[in-house]
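The lines below spell out each chain.
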Amino acid sequence: YQGVEPDMEKADKVFRTLEQKMYREDFEALYRAVLSADEQIADSIYKMIVLALHNRRKLIHNLEHPVISHIFRNARKTANEAAHYREFLRFRELENGSLFSVLAPQAQILPLIGEHFADRFPMENFMIYDRTHHAMLLHPAGTAPRHGRHTGRASAFPAPARRYRCAAFPEF
């Protein structure tokens, strides 16, 4: 592999193209697989994108294909981990009244759980710190969740969480 500098403009363009050209179920699985903890997933992601752009049919039900099977397993594992944290994540109240929680997931689940907590606590300031990936989800009170940020066949996917160092909490 060759290292490249992230370019958000190009990333958004690729994201929109995949959103428009892929079936929703395929896109959902691919999105969750991208967030997975599997260090070997990159090749499968690339191969699934190539398959999706050259075939105008649903791929995700073709589980006998090794690439699709690999994507499906990782997508399901990521979704299950996000569901677990949506159910069991607990917050503590800080001195300023903000809610704070720390989690240590294997996958990068912040984009998958943020909307749930924004719906649940719309009038609260809250932060969820991902200790594993050194990322933080921040929600200012009164901010509406970003339902359907992207449009097209595969809408309602939030952008990946921005990465922040947690300087205020060096123990994390």
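In this text, all values refer to a predicted model and were calculated from it rather than measured experimentally. (Residues numbered from 1 in each chain as written. Predicted model: local features only at pLDDT ≥ 70, side-chain atom pairs only at ≥ 80, totals over all residues. Heavy atoms only, no water.)

### Details of the pattern of salt bridges
Enumeration according to the criterion identifies 2 salt bridges in this entry. For the salt bridge of Glu 28 with Arg 24, the shortest nitrogen-to-oxygen distance reads 2.9 Å. Here Arg 24 and Glu 28 lie together in helix H2 (residues 24–34), a separation of 4 residues that amounts to about one turn. The partner of Glu 25 in a salt bridge is Lys 58, and the shortest N-O contact between them spans 2.8 Å. Taken as a pair, Glu 25 in helix H2 and Lys 58 in the loop between helix H3 (41–54) and helix H4 (66–88) lie far apart in primary sequence, 33 residues in all. Judged by its relative accessible area of 31%, Glu 25 is partly exposed. On the basis of relative accessibility, which here comes to 42%, the residue Lys 58 falls in the partly exposed class. (Salt bridge = Lys/Arg side-chain N within 4 Å of Asp/Glu carboxyl O. Helix = DSSP H or I, 4+ residues; strand = E, 2+ residues; numbered from the N terminus. Buried < 20%, exposed > 50% of the residue type's maximum accessible area, 1.4 Å probe, protein only.)

### Observations regarding the sheet that holds strand E4 (residues 135–139)
Read from one edge to the other, the open sheet built from 4 strands follows the order E1-E2-E3-E4, with strand pairing classed as mixed. The strands lining the two open edges of the sheet, one partner per strand, are strand E1 (92–93) and E4. By the bridge criterion, 5 bridges tie strand E2 (residues 99–103) to strand E3 (residues 126–130) in an arrangement that is parallel. Residue pairing across strands places Val 102 opposite Tyr 129, the latter belonging to E3. (Pairing = 2+ DSSP bridges.)

### Some remarks on the packing of aromatic side chains
The tally for this structure, following the rule as stated, stands at 7 aromatic pairs. Chaining the aromatic ring pairs together yields one cluster made of Phe 91, Phe 117, Phe 121 and Phe 126. (Phe/Tyr/Trp six-rings, centres within 6.5 Å; stacked < 30°, edge-to-face > 60°.)

### A short note on the packing of H2 against H3
Remark: H2 packs on H3, axes separated minimally by 10 Å, with the N-to-C direction vectors making an angle of 160°. Judged by the inter-axis angle, H2 sits roughly antiparallel to H3. Here H2 runs over H3; the crossing is left-handed. For the pair formed by H2 and H3, the contact residues are Asp 26, Leu 30, Ala 33 and Val 34 on the first element and Ile 41, Ile 45, Met 48 and Ile 49 on the second. (Axes fitted to C-alpha atoms, helices over the stretch in contact; angles between N-to-C directions. Parallel < 35°, antiparallel > 145°, perpendicular 65-115°, else oblique. Left-handed = near helix turned anticlockwise from the far one by under 90°. Contact = heavy atoms within 4.5 Å.)

### Considerations on H3
At 3.6 residues per turn, the α-helix brings residues three or four places apart onto the same side. For H3, spanning 14 residues, the distance from its first C-alpha to its last is 20 Å, which sits close to the expected 20 Å at 1.5 Å a residue. On the buried face of H3, the contacting elements are H2 and H4. (Expected span 1.5 Å × (residues − 1).)

### Focus on the pairing of E2
For E2, the tally of buried residues reaches 4 of 5 residues, placing the bulk of the element in the interior. Here 2 bridges tie E1 to E2, and the two strands are oriented antiparallel to one another. Counted as the bridge partner of Glu 93 is Leu 99 from E2. Between E1 and E2, which follow one another and run antiparallel, lie 5 residues, and Gly 97 among them has a positive phi close to 90°. Each parallel crossover has a hand, and the one from E2 via helix H5 (residues 110–120) to E3 is right-handed. (Right-handed = clockwise from strand over helix to strand, strands pointing away.)

### Some words on the confidence of the model for the protein chain
Parts of the prediction with low pLDDT should not have their coordinates interpreted in detail. This prediction gives the protein chain a mean pLDDT of 84; 83% of its residues lie at or above 70. A low-confidence stretch, residues 148–172 stays under pLDDT 50, and its non-local contacts, those more than four residues away or across chains, total 59 contacts. (pLDDT = per-residue confidence, 0-100.)

### Focus: the side chain of Ser 69
Relative to the elements of secondary structure, Ser 69 occurs in helix H4. Of the polar contacts made by the side chain of Ser 69, one reaches the side chain of Arg 73; its length is 2.8 Å. (Polar contact = N/O pair within 3.5 Å; in protein donor to acceptor, adjacent residues only side chain to side chain.)

### With respect to the environment of Ile 49
Of note, Ile 49 is situated in helix H3. Considering only alpha carbons, one finds Ile 49 and Lys 21, 28 residues apart in sequence, at a separation of 9.8 Å. Each residue touching Ile 49, except ones within four places of it in the same chain, is listed here: Leu 18 and Leu 30.

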